[in-house]
Structure formats: structure tokens, C-alpha cells
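# Chains, contacts and geometry: an overview
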Amino acid sequence: MSKVVLISGASSGIGEATARVLAKAGHRVFLGARREDRLKALASEIGAAYAPLDVTSRESFKSFVDAAVAEHGHVDVLVNNAGVMPLSLMDSLKVDEWDRMVDVNIKGVLNGLAAVLPLFTGGGHVVNVASIGAHLVTPTAAVYCATKYAVWALSEGLRQERDDLRVTVISPGVTESELADTITEEHAASFMAEYRKNALPASAIGDAIAYAISQPSEVDVNEIVVRPVATR
């Protein structure tokens, strides 16, 4: 069944790949991100609609959802995908980067939920993109992992509160994306360059999201962890 699927962070990486996978499967995707030029190009290529989106703004997310409803009449699925990952050692005290991760990775998810939950009465599907960092903490990633554990916790709490809503957490391992481009600390950047040598294609995460969305309405796929075979 074709569904109306909203995707945040759709201008690159997992968001872009997910849009391509879902559009190919016949879903009507609605794209959101800050980089409107990239959204426009992708939307034209895959036959989708889009609207600019700053996930850190509750008003922007509501406007994004309103635009999707105006375009398609309703919303079936929200893919909360936007995220940032400026890794650093805690002692480096890059507090502005900590704040940015909290604003995008946690508040961005909450803003998405606040925008769609009033529409999801009697049904709907929330897909939150967390990370393997929600399950495994590593040096330089403490704050990032904390934000992704928060995404996991929010998802589990929402799932337990609603028996008419499907909630899925997707936890990718190392995946091809622009996330590492935000790392400003040399030590963390060097570690990540080595770590990302076995990265998954972003389409693998798109496929996992497509699987969760495609299940019958009475089936709730709660969590999928996707990582390279070479990861230990």
C-alpha cells in the first residue's frame, strides 16, 4: 500500500537514500531539510514534494507537516532522521557542539513528534533513526551516544503509551553519510576515518526502514540494528 512518508534530514545520507528507496517502492515521500537546493534537485529526480525544514524549530516542523498535509491530505509515517555527530573528547569542552547535538538529535525528534502526534489519532507510524551509539558508548562519542540513547528511550516510552501507533527505532552502525564532516577535533576525526572504512551504503538503512513500513498494520517492528558484517 502506498503511504505518505515524511522524511527529515532528506538532503543527504540516510535521509536521501531512504527517500529514493521509498519512492521506488511506490510511497509518496515528502522531503524536509535545511538545504533547499538539494531538496529541490532530489524531489525533481524521484517525483516527490518537499518543504524547507529546521528540526530545531518547533514552528518549522509544524509548518513542514502542514505543507505535507496540504500536498497529500494526510500523513501516514514520519521518519525522524535528521542528526549531527561532531564527536570530541569530553575534556575538550566543545560545549557549543554538545548543545547542537542536543538541539538536533533530541529536540529535533521531539519537535517532529509534537507536529505529527495530533494527526496520528487511531493510527500512524513513527520511525526514529537512532544509532548503534544508543547501545554502545565509545570514547569521543559520549554526548552523541547520550543523544541517541535518548531517541531510543523516547521511542520506547511512546510505544508503551499508545496501542494504536507503530513506533520503530532504526539503529545504524557505521554508514556512508556526511555526519563525520561535522567533527572538528583532530583526534576524533582520525578515529572516525579509520572506523568508517567498513561503512554500509546508506541505502541499507533505507531498506530497513522500508521493511518496517511495509508490515501489516497489526505488526509493529520495534527495533532494527543494521551494521556491517565486519563490525565487532
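Okay, so let's go over this structure. (Residues numbered from 1 in each chain as written. Predicted model: local features only at pLDDT ≥ 70, side-chain atom pairs only at ≥ 80, totals over all residues. Heavy atoms only, no water.)

### A closer look at the overall build of the chain
Within the chain, the secondary structure is distributed over seven helices and seven strands. Counted from the first residue to the last, the chain has its helices and strands arranged as β-α-β-α-β-α-β-α-β-α-β-α-α-β. When the backbone C-alpha atoms are referred to their principal axes, the chain occupies close to 50 × 40 × 35 Å. Within the chain, the proportion of its 232 residues that are buried is 50%. The contacts in the chain between residues at least 6 apart in sequence include a share of 69% that link residues at least 24 apart. Each charge class in the chain was averaged separately, 21 positive and 28 negative side chains, and the resulting centres sit 3 Å apart. (Helix = DSSP H or I, 4+ residues; strand = E, 2+ residues; numbered from the N terminus. Buried < 20%, exposed > 50% of the residue type's maximum accessible area, 1.4 Å probe, protein only. Contact = heavy atoms within 4.5 Å. Lys, Arg positive; Asp, Glu negative; His and termini not counted. Charge placed at Lys NZ, Arg CZ, Asp CG, Glu CD.)

### Looking at the pattern of salt bridges
Considering all chains together, one arrives at six salt bridges under this definition. Two residues, E156 and R159, come together in a salt bridge whose shortest N-O distance is 2.7 Å. Residue E156 and its partner R159 are both found in helix α5 (residues 142-161); the two are separated by three residues, about one turn of the helix. Here R159 falls in the partly exposed class, since its relative accessible area comes to 27%. Residue R162 pairs with D164 through a salt bridge whose shortest N-O separation is 2.7 Å. We classify R162 as partly exposed; its relative accessible area is 21%. (Salt bridge = Lys/Arg side-chain N within 4 Å of Asp/Glu carboxyl O.)

### Describing the packing of helix α1 (residues 13-24) against helix α2 (residues 36-46)
One way to put it is that α1 packs onto α2 with a least axis distance of 10 Å and a crossing angle of 20 degrees. In this view, α1 runs roughly parallel relative to α2, as classed from their interaxial angle. Once α1 is placed against α2, the crossing between them reads as right-handed. Note on element contacts: α2 touches α1 through L42, E45 and I46, opposite E16, A19, R20 and A23. Of the residues in the contact of α1 with α2, the class split is four nonpolar, no polar and three charged. (Axes fitted to C-alpha atoms, helices over the stretch in contact; angles between N-to-C directions. Parallel < 35°, antiparallel > 145°, perpendicular 65-115°, else oblique. Left-handed = near helix turned anticlockwise from the far one by under 90°. Nonpolar A, V, L, I, M, F, W, Y, C, P; charged D, E, K, R; others polar.)

### Some remarks on the nonpolar core
One finds L6, F30, F61, F64, V65 and L87 to be the most contacted residues of the largest nonpolar core, which totals 38 residues. Taken together, the elements giving at least two residues each to this core come down to β1 (4-8), β3 (49-52), α3 (58-72), α4 (95-116), α5 and β6 (166-172). In terms of residue count, α4 provides more of this core than any other element does, six residues in total. Excluding residues within four positions of it along the chain, F61 makes contact with S8, L53, D54, V55, L78, N80, G108, N111, G112 and A115. By size, the runner-up hydrophobic cluster in this structure holds 31 residues, among which are V5, I170, A208 and I224. (Core = buried A, V, L, I, M, F, W, Y, C linked by side-chain atoms within 4.5 Å.)

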